[in-house]
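Letter by letter, the chains look like this.
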Amino acid sequence: MKIKVLESGCKNCVTLTKNTEEALKEMGIEAEIIKVTDFKDIASYGIMSTPGLVIDEEVVSYGKVLKPSAIKEILEKR
C-alpha cells in the first residue's frame, strides 16, 4: 500500500501525516508514506486545497485533517 500526503508544509498537513502514521500503527499495517510538496504534483490530483490524502493513487480526502479513527475507517474499506 502506498499512501501520499499532499502537503504545503502547514500545521494541518503535518497533523494529517502524524494521524495517518498513528492509524497505520494502530491497525498493524505497514505502508509507505510519501509526502508530496510540489504544487504541480498536488494539482495533478485535481485538488486545490491541502492537506490531501491519496491511497494507492485514489484521492480519499482533501482540504481537511482526518482524525486517526476516520483514516482507519477508510483503510478498513480497502
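See the structure printed just above.
Bear in mind the structure is a predicted one, so any value in this text is a computation, not a measurement. (Residues numbered from 1 in each chain as written. Predicted model: local features only at pLDDT ≥ 70, side-chain atom pairs only at ≥ 80, totals over all residues. Heavy atoms only, no water.)

A. Seen up close, the sheet that holds strand β1 (residues 2-6). The sheet built from four strands is open, its strands ordered β2-β1-β3-β4 with mixed pairing. The open sheet terminates on both sides in strands that have one partner only, identified here as β2 (32-36) and β4 (58-62). Across this sheet, the average inter-strand angle for adjacent strands is 20°, counted without regard to direction. Both β1 and β2 contribute to a ladder of five bridges, which runs parallel. Across the sheet, Lys 2 pairs through a bridge with Glu 32, a residue of β2. (Pairing = 2+ DSSP bridges. Helix = DSSP H or I, 4+ residues; strand = E, 2+ residues; numbered from the N terminus. Axes fitted to C-alpha atoms, helices over the stretch in contact; angles between N-to-C directions.)

B. Main features of the pattern of salt bridges. Summed over the entire model, instances satisfying the criterion amount to three salt bridges. A salt bridge links Glu 57 to Lys 4; the nearest nitrogen and oxygen atoms lie 2.8 Å apart. Within this pair, whereas Glu 57 is found in the loop between β3 (52-55) and β4, its partner Lys 4 is found in strand β1, the two being separated by 53 residues in sequence. (Salt bridge = Lys/Arg side-chain N within 4 Å of Asp/Glu carboxyl O.)

C. Geometry of the pairing of β4. Where β3 and β4 come together, four bridges link them in antiparallel fashion. Paired with Leu 53 across the two strands is Ser 61, which belongs to β4. In this antiparallel pair of consecutive strands, β3 and β4, the connection spans two residues, and Asp 56 shows a positive phi of 50°.

D. Structural view of helix α1 (residues 11-27). In a regular helix each residue adds 1.5 Å, so 17 residues correspond to 24 Å; α1 covers 24 Å between its end C-alpha atoms and thus fits that length. Taken together, the buried positions of α1 are Cys 13, Leu 16, Thr 17, Asn 19, Thr 20, Ala 23 and Leu 24. The buried residues of α1 all sit within an arc of 165° when viewed along its axis, so they share a single face. Relative to its buried face, α1 has exposed residues pointing more than 90 degrees away, namely Lys 11, Lys 18 and Lys 25. Buried residues in α1 make contact with β1, β2, β3 and α3 (68-76). One or two residues past the end of α1 sits Gly 28, with phi positive at roughly 70°. (Expected span 1.5 Å × (residues − 1). Buried < 20%, exposed > 50% of the residue type's maximum accessible area, 1.4 Å probe, protein only. Arc of directions from axis to C-beta. Contact = heavy atoms within 4.5 Å.)

These values are about where atoms sit, not about what they do.
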